[in-house]
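# Notes for the structure review
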Amino acid sequence: MAAIGLAGMLATGCNDTPKTDSMSFDEIVASRRSVRQYDPEKKISEAEIRTLIETAIEAPPWANNQPVRYYVAIDPEKVQQVRELLGSGNMRNTAGAPVLLVTTFKKGGSGFFRGTPANELGDEWGAYDAGLSNAFFILKARERGYDTLIMGMRDSDGLRKVLNIPNDEEVTAVISVGYRVNDPNRPARKSVDDITVFF
Ligand SMILES: Cc1cc2nc3c(=O)[nH]c(=O)nc-3n(C[C@H](O)[C@H](O)[C@H](O)COP(=O)(O)O)c2cc1C
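Residues numbered from 1 in each chain as written. Predicted model: local features only at pLDDT ≥ 70, side-chain atom pairs only at ≥ 80, totals over all residues.

## Side note on the nonpolar core
- Membership of the largest hydrophobic core comes to 28 residues, with the highest contact counts inside it found for Val99, Leu101 and Val174.
- Counting only elements with at least two residues in this core, the list comes to α3 (46–57), β1 (68–73), β2 (99–106), α6 (124–143), β5 (147–151) and β6 (169–178).
- Here Val99 is in contact with Ile44, Ile49, Val72, Ala73, Ile74, Val79, Val177 and Gly178, once residues within four sequence places are set aside. (Core = buried A, V, L, I, M, F, W, Y, C linked by C-beta atoms within 7 Å. Buried ≥ 20, exposed ≤ 12 C-beta atoms within 10 Å, placed from the backbone. Helix = DSSP H or I, 4+ residues; strand = E, 2+ residues; numbered from the N terminus. Contact = placed C-beta atoms within 7 Å.)

Now the structure itself:
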């Protein structure tokens, strides 16, 4: 598989679950999919989640402010409490997932220069930092043999209460982590020409 590259892997679907110790970056990218059905028999340790967050920390943050925070539900009772705040669709999607993480960013950090917004996006840059951090996280997760689903559909007020998230943080995505029970299809993507202008 390593020889055919990312484009080849995507073209052929790359639906097998690759070995975790031998995946190239392209294999990780090609085999990562949003997984909405998890094996309830397989658990993930806190130590493993720490490894994934260590990689997420390496994502580049605005002015190295590092505003992103992770709240990890790993105790089954807490996982269930978080699941119930995801709406019926995402509750179904996360059945069997042993870990749910909530991502936040501290307000007033990214997007600011000496206390004032650096440009028109202002605090929205915090969500950019969170997205980059999450991208590093889900790719590292795939490298370690795990599957993930990023969820924007969630009850942020409920999550604040259940996880004691302070008001100076903005809640962004919830991410489930677990093991796929089947190989999801790759949704169609635009081409480079569809989304790019060269000058
Ligand atoms: C910011 C964001 C929010 C998302 N929210 C949800 C969600 O609430 N529920 C869900 O099932 N998928 C959600 N997704 C997953 C996308 O639907 C998925 O990434 C997309 O369809 C492409 O599929 P793939 O991840 O398998 O390539 C979200 C993805 C992102 C990046």
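## Overview of α6
- Over its 20 residues, α6 extends 29 Å from the first C-alpha to the last, a length consistent with the 28 Å expected when each residue adds 1.5 Å.
- Within α6, burial applies to Trp125, Gly126, Asp129, Ala130, Ser133, Asn134, Phe137, Ile138, Ala141, Arg142 and Glu143.
- Buried residues in α6 make contact with α2 (25–31), α3, β1, β2, β5 and β6.
- Two residues or fewer after α6 comes Gly145, characterised by a positive phi angle close to 95°. (Expected span 1.5 Å × (residues − 1).)

## What to know about unusual backbone geometry
- In the Ramachandran plot, Asn64 falls in the positive-phi region, its phi being about 55° despite a non-glycine side chain.
- Even without being a glycine, Arg114 presents a positive backbone phi close to 50°.
- Within the secondary structure, Arg114 sits in the loop between β3 (112–113) and β4 (116–117).

## Some details on the site of the ligand
- Around the ligand lies a shell formed by Arg33, Ser34, Arg36, Asn90, Asn93, Leu149, Ile150, Met151, Gly152, Met153, Ala173 and Pro187.
- Secondary-structure elements contributing two or more residues to the shell around the ligand are α5 (87–93) and β5.
- Looking at the shell around the ligand, its residues break down into six nonpolar, four polar and two charged. (Near = placed C-beta within 6 Å. Nonpolar A, V, L, I, M, F, W, Y, C, P; charged D, E, K, R; others polar.)

## Topic: the pairing of β2
- Of all eight residues making up β2, seven are buried, and the element is well covered by its neighbours.
- Taken together, the six bridges between β1 and β2 define a ladder with antiparallel strand orientation. Bridging across to β2, Ala73 finds its partner in Leu100.
- In the sheet, β2 pairs with β6 via seven bridges, with the strands oriented antiparallel. Note on β6: the bridge partner recorded for Val99 is Val177. (Pairing = 2+ DSSP bridges.)

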